[in-house]
Amino acid sequence: MLTGRRYRLDLTPVQAAFAEQVGGICRSVWNTALEQRREYRRRGAFIGHATQCAQLAEAKRDFPWLADAPSQVLQQTLKDLEQAVKAHGTWKVRWRSVRRWKPSFRFPDAKQIVMERISRRWGRVKLPKFGWVRLRWSRPLGGTLRSATVSRDGRHWFVSFLVEDGQATPEAHPGPAVGVDRGVVVAATTSDGDFHDRPFITSKGTVEQPASGGAQKSGLNRAILDKGWYGLELAVTSASRYTGTKIIKVPAAYTSQTCSACKAVDAASRESQARFACTSCGHREHADVNAAKNIKAAGHAVSGRGDLGATRSVKRQPPRPRARQHAAPAARGIPVL
Ligand SMILES: [Zn+2]
């Protein structure tokens, strides 16, 4: 399956300036081509990708600075614009502003890209017009390279490779279902009684630090952010592609007030943040584990109806060696906030 691999680049000052320049050229091409499409629409006409590509080739003769950028990168910019217009419409596609837009450009032709490791910590990639560029060897490429995207995030430049890793998604995950309760004191608790409270790796590769443990209402949003639930969801969703695990998000309502044993609902059963004691049957359990069991049951109910679309289900997975960088917990249900 296609998957992404991101590395931090170690550009020389000259390379960094050139990357900035290429980003600027791509931005100009995007904005000019978008304005052209809008102008055509205002006149009741239409201009498509092929015509714009031909005109770009002509424009390079009049504006030599256009030719400073790798040509496949500029063509890709026009292709990206075409896709954006198809998806959102000519009037909703955004301009790329100098302030808001983070420079990013793609090399779609893998035949012109070479990637290799040069030491334990360093690798390098050869890109058209850039030559060899050093990168931090943080992980193996793990597949066949399909394309490379160079982008800046803050002060740092990165390269993201699209890689075909030769693996397929299994039809279904063979393991048993598990419910996951997302919490504030403990980030994630499973119906099996596992507590996961640790930093999550975000899509940017940064680590989100857990909150100090306080659960004051005023700091709730902050605490939720600190737990990196979005990062957890991304990691789990990504990992599920390798295990065929089905991820079902279920509404969080009443999962913490319902007894997982007798199904009685009573807010008074939740004795404290951590303790659940059923006022009907006396069942006692850690409150988060009790909630996770209710979430598991809710997930079963949903999947039994084949009602996945309506619950915004996301495919997803449990921990396996292949997903070690995420180490996402096995999960079946995530309560929707
Ligand atoms: Zn009960």
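Model, not experiment: these values are computed from the prediction.

Draft legend 1. Seen up close, the sheet that holds strand β10 (residues 195-196). Read across the open sheet, the 3 strands follow the order β8-β9-β10; overall the sheet is antiparallel. Single-partner strands in this sheet number two, and they are β8 (180-182) and β10. Note: β8 against strand β9 (residues 188-190), 3 bridges, orientation antiparallel. Paired with V180 across the bridge in β9 is T190.

Draft legend 2. Just the nonpolar core, in detail. Among the nonpolar cores identified, the biggest contains 42 residues, and F105 and F161 are the most heavily contacted of them. Three or more residues apiece are contributed to this core by two domains, here domain 1 (13-101) and domain 2 (107-164). Not counting residues up to four positions away in its chain, the partners in contact with F161 are T3, G4, R5, Y7, I113, M115, V125, L135, L141, L145, S147 and A148.

Draft legend 3. Inspection of a positive patch on the surface at higher detail. On the surface, a cluster of positive charge is made up of R117, R120, R121 and R136. The topology assignment puts R121 in the loop between β3 (114-117) and β4 (122-127).

Draft legend 4. Focus on the pairing of strand β7 (residues 156-164). Alignment of strand β1 (residues 2-10) against β7, held across 7 bridges, turns out to be antiparallel. Bridge pairing in β7 links G4 to L162. As defined by bridge partners, strand β6 (residues 144-153) adjoins β7 across 9 bridges and the pair is classed as antiparallel. Bridged to T144 within β7 is E164. Here β6 folds back onto β7, and the loop between the two strands holds 2 residues, one of which, G154, carries a positive phi near 70°.

Draft legend 5. Expanded view of the environment of L141. Of note, L141 is situated in the loop between β5 (131-136) and β6. Residue L141 is classed as buried on the basis of its relative accessible area of 13%. Sequence separation of L141 and R5 is 136 residues, and the distance between their C-alpha atoms is 6.7 Å. Beyond its immediate stretch of four places on either side in the chain, L141 contacts R5, Y7, M115, F161 and V163.

Draft legend 6. Layout of the confidence of the model for the protein chain. Here the protein chain shows a mean pLDDT of 82. Residues at 70 or above account for 81%. Here residues 200-208 is a poorly scored stretch, pLDDT under 50, and it has 23 contacts once near neighbours within four places are set aside; other chains count.

Draft legend 7. Looking closely at the environment of H286. In this fold, H286 is placed in strand β15 (residues 284-286). A C-alpha to C-alpha distance of 5.8 Å links H286 and F276, two positions 10 residues apart in sequence. Once residues lying within four places of it in the same chain are set aside, the contact partners of H286 are F195 and A274. There is a polar contact of 3.0 Å between the side chain of H286 and the backbone nitrogen of D288.

Each value, and the rule that gives it
Residues numbered from 1 in each chain as written. Predicted model: local features only at pLDDT ≥ 70, side-chain atom pairs only at ≥ 80, totals over all residues. Heavy atoms only, no water. Pairing = 2+ DSSP bridges. Helix = DSSP H or I, 4+ residues; strand = E, 2+ residues; numbered from the N terminus. Core = buried A, V, L, I, M, F, W, Y, C linked by side-chain atoms within 4.5 Å. Buried < 20%, exposed > 50% of the residue type's maximum accessible area, 1.4 Å probe, protein only. Domains from an automatic or database assignment. Contact = heavy atoms within 4.5 Å. Patch = residues over 30% accessible without salt bridge, like charges linked within 9 Å, V, L, I, M, F, W, Y side chains within 5 Å. Areas by Shrake-Rupley, 256 points an atom, 1.4 Å probe, with all protein chains shown as cover. Salt bridge = Lys/Arg side-chain N within 4 Å of Asp/Glu carboxyl O. Lys, Arg positive; Asp, Glu negative; His and termini not counted. Charge placed at Lys NZ, Arg CZ, Asp CG, Glu CD. pLDDT = per-residue confidence, 0-100. Polar contact = N/O pair within 3.5 Å; in protein donor to acceptor, adjacent residues only side chain to side chain.

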